[in-house]
Amino acid sequence: MIKAILIFNNHGKPRLIRFYQYFAEDMQQQIIRETFHLVSKRDDNVCNFLEGGSLIGGSDYKLIYRHYATLYFVFCVDSSESELGILDLIQVFVETLDKCFENVCELDLIFHMDKVHYILQEVVMGGMVLETNMNEITTQVDVQNRMEKSEGGLSAAPARAVSAVKNMNLPEIPRNINIGDINIKVPSLSPF
Amino acid sequence: MALKIVKGSIDRMFDKNLQDLVRGIRNHKEDEAKYISTCIDEIKQELKQDNIAVKANAVCKLTYLQMLGYDVSWAAFNIVEVMSSSKFTYKRIGYLAASQCFHESTDVIMLTTNQIRKDLSSPNQYDTGVALTGLSCFVTPDLARDLANDIMTLMSHTKPYIRKKAVLIMYKVFLKYPESLRPAFPRLKEKLEDPDPGVQSAAVNVICELARRNPKNYLSLAPLFFKLMTSSTNNWVLIKIIKLFGALTPLEPRLGKKLIEPLTNLIHSTSAMSLLYECVNTVIAVLISLSSGMPNHSASIQLCVQKLRILIEDSDQNLKYLGLLAMSKILKTHPKSVQSHKDLILQCLDDKDESIRLRALDLLYGMVSKKNLMEIVKKLMLHVDKAEGTTYRDELLTKIIDICSQSNYQYITNFEWYISILVELTRLEGTRHGHLIASQMLDVAIRVKAIRGFAVAQMATLLDNAHLLTGNMQRMGICEVLYAAAWICGEFSEHLENPMQTLEAMLRPKVATLPGHIQAVYVQNAAKLFATVLKSQEGNTDSTAAQETSQLMIDRLPLFVQSANLEVQERASCILQLVKYIQKLQQKDVEVAEEVSALFAGELNPVAPKAQKKVPVPEGLDLDSWINEPPSESESEDEQPKAIFAKEEPKHSRPRREEVDEKELAKRREARKQEQANNPFYIKASPSSQKVYQEAPGVEHIPVVQIDLSVPLKVPGLPMSDQYVKLEEERRQKERAEKKKKEKKKRKEKRSGRGKKHDSGPESEEDITPAHQVDIVTEEMPENALPSDDDDKDPNDPHKALDIDLDNLVEAAARRPLADSEKLPVRSHRAAEAPKSPTEDGDATSQEPKKKSSKEKREKKKDKDRDRKKSKEEKKKKKHKHEEKGEDLLGGEAEEPVVQSEETNEVAAPPTSTSAEETATVAAAEAAPMPEATSGIAPDSEPDEPKDTEMEETKSSKHKKKKQKKEKEEKEKKKKKKHHHHHHHSDGGGEEAVQNGTVEEEEPLPPMSNYCLLAENSYVKMVYDIQGNLQDGSQVVVSVIFENKCDSFLKSMEFNVLDSLNSKLQRPEGSGPHDGLTVPFQLPPGVSNEARFVFTVQSIIMPQKLKGTLTFIVKNEDSSTHEKLDFKLHFTCTSYLITTPCYSDAFAKLLESGDLKCSSVRLEGVNMPFHHLLARICFHHHFSVVERIDSCASMYSRSIQGHHVCLLVKVSAQTVSIDAKCDEPTLLGNVLDEIKQTFSQC
């Protein structure tokens, strides 16, 4: 079982949190802080598994994380999950994000947290791996997005237009913070 | 209206959406909190509007704020509103918000039930999907109960997208509503073979999660998973399955044997590291579960270790980590093969990655030996000094202690060294493991008598330097060590060189800053020290010194009397008064030392930590019953303040109580030793240490190695452990030299030239003799301690509720139908509640308490029996190997209930397993709650073995198991009845054909038993049952229960039967054809027991009667008489039938084949519900229901010689017509006659 999925940036600012077990909000923030503290002090060339988060889980739980450019993707899992499998899953998730957002960067996650959630929902459900096939995930996400658009119809158009205008006024949004090294060596990605 | 909508959408343009909110927060970095609070105000306004779009937008923003740590539970109702929007866009937002912030105590959740149900049945698959996803995060027990049925329906949805989500969410439902597991399981199992890989993967996922917690219930799925494993190419699925097998193999070693080969193949063939790693892991699990020593296993171990070495040597840190992780699993059982990679592991200890270092530390545990312990610990101590983070350092500390103390300090040759290591560890800054060090010090000082002198000296130094430990607040954790130091110095004060100095140190004013519990120990042990000092001083005939000591106590103790800590205060004031009194006596020149030290006389023995728990409750003592009438509520409140005072009273008498005189104590000790010696449960010291004890009575006087204290130390007076490494090295060298000398001498004496012994080779473990004669005192356990290991189970584990037996459900569902109470609750009108018969409920309750106690008693024995049984089965398996070669996974011996359903997945082939019979009896047991009748009806394929006692034991264990199972089910049923009885209504859609396993049980069945009376007289009563043996088509097993009806002892029972041409009793080899069989037990008054006899039969188409006699001796106190009892054994044709499940398609094929002869029978005036009728046929005549449609059912059974018997039972009014087909008409006719007779009797 996956107990929690946390995405935060290099400064510990949460970009997406998804707990599959209930924690009160302040506890959640504490967990994020602790996890960030544990993960951020690790070099990039050490292993991606980490024990010793005291707030979440206990001895059976492990933190499995990947660091992409400015973002940490941390999965807290118990012993029923395969460690390397989860690493691959993170890769699948990130690549899916990359596909859906077309060159995903941290800003996409900042401004479209809801969309990231919807994508995640197609990958993991209730703490269990739902789908690992990237094409299947993107297909389902696309269909749902199309439904949303068609529902929005005319009435949503003006809102979108305004939103577009608002975005135009923001020259500072750098579109080039690439998620970067997507081709990190994944030991067993190919057969999946 | 239209205008309003347009206006709304225009308004919306200028509302803040999520992006605006995020942007706003980013632009207000300085006053973020303030900005957010204004935003929340806006959101509150938006939520008040009618427009759902505005609301959805607001909820979306709240979801974002929730991530930032803001509590948004106040908007829970609005979230529900958005969830119930008809538009997918908004619905999705609502469900997302709900999944992020709803939890079990959110009260609006109960409002969502109907909305979720609506969404689940929505024609739009994405509405359903969104609802399922949301529900998976906030499902509560109520939701789970109410929606379980809807979700179960979705498991067969046409869209795989929904199917896989429904399958996954079932796990959450099971967790919250365990009762749903049994009814949902068959469908879940079906999904394992779903055409869609996603659904299949989800099902595997769920079953793996379930099986991880309660693996034994899922053993029966092993063949299916095995098939999946060999056929699937999806690595995700494979990983899960292989992990599952890892959990199953410890329960079923035969499974492991089958697994090794395919797993090894996978290891060689796969390119995916994750899969390879899991395979290695499971192979390790298999090897652990198998008994070692078989030749082919060493190859597998070698392969694993070799692969792991490759992983560890890999430059990828992840693989290195995992390699070490897996290595530590091998370590437990095959330490030798890991030890050869010591170099690699020690190397990892220096890795820059902390995770890897930690894993390597774990492995070190198994690397140590007597030889290298010191060296390894030295290395670790270096790490301790270098380590930067406290977590890692604490881990190192605990590891050092673990390594040293493992298996009763097995590897420690020099305890002085160990004590100094512990003392060195006390210098760690800010560790939180002070108590761990303290307990080690105590443990060693108490249990290793020889070390006490040294330990006391060290502890005295520690106490003297206590200021170094307590100096700064950061070190508070470590001051726990002083607790141990003070206690050791006090308790073993006779070893102190300068007790006066230590006493001084313990009474320093600084001590008052220590935590209360430590001060208390200080005060108490100061008194002990005082006693010792007095004793030494009084011998000197100089009374002033003694009086000075008393004065010191009187001066210093008041500091503690003022302590805020109650314990310290109490002890201090007691001792202060005592000392004052002593001083008075001293002034009168009275010798007091003897009496004072008598206060602390007697030695404490170490007591095992679980000793208290293991004291058995004496017979006849009920701990739950009140001794007096329970006081009323109001009374107890009044009494509370009184109790506080009452508690203090015994204080005054305490000192006196301890003054038991020496003689009495010695006497008691002697008596206890005697008792312990005679008591098999008392764990005595290991023989070796006992020997030491005898050989060296003066262990205490062994000279302590002198330590050169001139070496610069961090804490003055404390030795460095490093010296010991050197010393030890020298010592060993010396020993070796001596040995060599001796050898040389011998050689000289012998003068033989061929003695070319290795003289400089590495010394073996045994060569290293401990520096001290060590006498490790073992921990004391109470007499009659119960040898149980289940103390550590967590009673709060949510998965415990899911420990539900699924075997019989899966395999012969028709015989063990889901009870009415186990149906998932379906929405229905509550008024239509079916009348429940009270009889069954009553039955169950009256049965339960009676059996409970016996169950508990048996529990202990069960484990033992099971072990024996397993090994026996192994043996038998070899015998039967020729019968099924690779046909099924587990070897086909379905004697053990756990592997019952091996064959159920082979649909077409007529199953050949006796297992069905087992379940039949279970089913029967459930239907007929009669304690005696249900015992061990199961057929036993054992050829009659001469080892009668063993046979009996096996049986009785089976006996017990079944009873337990029954009991469990009864309990389950009862519980459910209590809680959810208003939910039990069948669908009403009775038109649907009910496949195998879901025969509805409208009304409870009356009790049934297959045991019928064999014979009876005033001494003994015999009832019997006959079952066919599947393994051997010519054998039937007769189970006879003998019941002693008189007040005398029955012994030497002999069972004999006059064989006919067709049927013969199987007698042990070497006995004549007319000899009787000895019944393998004796019967005390009122006791019954069961014995089994195997008969060989040739033709089974006709019923038979055999005459027989039971002879036995009735033994009274004074006399014994021979008695006999004649009986007639009736072999009905039914008894040759074996309950065999059959699938409807196989059944149809069989009927079409045309080889079967037809016959029919009509029963008039049968006045019982149809399902009772079916149950009776199933139970008494060993049939299983193939398919049931309304009042018509097809049934199937098979004889031990392979005849198929098919029935079609129809009922109209009170007439039952049975059309039957069988390939042997005579057999069929007889069976039908017997069925007819069954129904004419009732």
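Bear in mind that the values here come from a model prediction, so they are computed numbers and not experimental data. (Residues numbered from 1 in each chain as written. Chains lettered and ligands numbered in written order. Predicted model: local features only at pLDDT ≥ 70, side-chain atom pairs only at ≥ 80, totals over all residues. Heavy atoms only, no water.)

Attention now goes to the packing of helix H25 (residues 434–447) of chain B against helix H26 (residues 452–464) of chain B. Residue and element names in this part refer to chain B. Close contact between H25 and H26 brings their axes to 9 Å; oriented N to C, the two are set at 145°. When you trace H25 past H26, the crossing you get is left-handed. Along its contact with H25, which presents Met441, Ala445 and Ile446, the element H26 presents Arg452, Ala455, Met459 and Leu462. When its residues are assigned to classes, the contact of H25 with H26 shows six nonpolar, no polar and one charged. (Axes fitted to C-alpha atoms, helices over the stretch in contact; angles between N-to-C directions. Helix = DSSP H or I, 4+ residues; strand = E, 2+ residues; numbered from the N terminus. Left-handed = near helix turned anticlockwise from the far one by under 90°. Contact = heavy atoms within 4.5 Å. Nonpolar A, V, L, I, M, F, W, Y, C, P; charged D, E, K, R; others polar.)

Turning our eyes to something else, we now look at the interface of chain B and chain A. Listed by partner, the interface residues are 74 residues for chain B and 70 residues for chain A. Both faces combined, the contact of chain B with chain A buries some 6,800 Å², and carbon together with sulfur accounts for 56% of it. Our enumeration of links across chain B and chain A arrives at seven salt bridges. Salt-bridge contacts for A:Asp78 lead to B:Arg212; the nearest nitrogen and oxygen are separated by 2.9 Å. If one sorts the elements of the side of chain B that touches chain A by residue count, helix H6 (residues 88–101) of chain B sits on top with eight residues. (Buried area = accessible area lost by both parts, 1.4 Å probe. Salt bridge = Lys/Arg side-chain N within 4 Å of Asp/Glu carboxyl O.)

Attention shifts here to a nonpolar patch on the surface. All names here are of chain B. A cluster of nonpolar side chains, Phe77, Met110 and Leu111, forms an exposed patch at the surface whose accessible area comes to about 350 Å². By the secondary structure assignment, Met110 is in helix H7 (residues 109–120). The class for Met110 is exposed, based on a relative accessible area of 64%. (Patch = residues over 30% accessible without salt bridge, like charges linked within 9 Å, V, L, I, M, F, W, Y side chains within 5 Å. Areas by Shrake-Rupley, 256 points an atom, 1.4 Å probe, with all protein chains shown as cover. Buried < 20%, exposed > 50% of the residue type's maximum accessible area, 1.4 Å probe, protein only.)

Moving on: the sheet that holds strand S5 (residues 71–77) of chain A. Residue and element names in this part refer to chain A. If you trace the five strands from one edge of the open sheet to the other, you get S2-S1-S5-S4-S3, paired in antiparallel fashion. At either end of the open sheet lies a strand with only one pairing partner, and these are strand S2 (14–19) and strand S3 (49–50). Relative to strand S4 (residues 62–68), S3 runs antiparallel, the two being bridged by two bridges. Across the sheet, Leu50 pairs through a bridge with Leu63, a residue of S4. In this fold helix H4 (residues 113–123) packs onto strand S1 (2–9) and S2, with an angle of close to 40° to the strand it touches most, S2. (Pairing = 2+ DSSP bridges.)

Residue and element names in this part refer to chain B. Across chain B, the average pLDDT comes to 73, with 68% of residues at or above 70. Below a pLDDT of 50 lies the segment residues 635–660, which in the model reaches nine contacts outside its immediate sequence neighbourhood of four places, other chains included. Counting contacts from residues 974–1002, a segment whose pLDDT is below 50, to residues more than four positions away or on other chains yields 72 contacts. For this predicted complex, the interface confidence reaches an ipTM of 0.87, while the overall pTM sits at 0.55. (pLDDT = per-residue confidence, 0-100.)

What follows concerns the pattern of salt bridges. Opposite charge on two side chains permits pairing when their charged atoms draw close. Residue and element names in this part refer to chain B. Scanning the model with the defined rule gives 38 salt bridges over all chains in all. A salt bridge links Lys16 to Glu42; the nearest nitrogen and oxygen atoms lie 3.2 Å apart. Highlighted residues: Lys16 in the loop between helix H1 (2–14) and helix H2 (18–27) and Glu42 in helix H3 (residues 32–48), separated in sequence by 26 residues. A salt bridge links Asp362 to Arg359, with the shortest nitrogen-to-oxygen separation between them at 2.3 Å. Placement of the pair is Asp362 and Arg359 together in helix H21 (residues 354–367), with a separation of three residues, close to one helical turn. Looking at Asp362, the relative accessible area reads 22%, which means it is partly exposed. A residue is classified by how much of its surface remains accessible, and Arg359, at 8% relative accessible area, is buried. Taken together, the shared-partner salt bridges in this structure form one network comprising Arg359, Asp362, Glu395 and Lys399.

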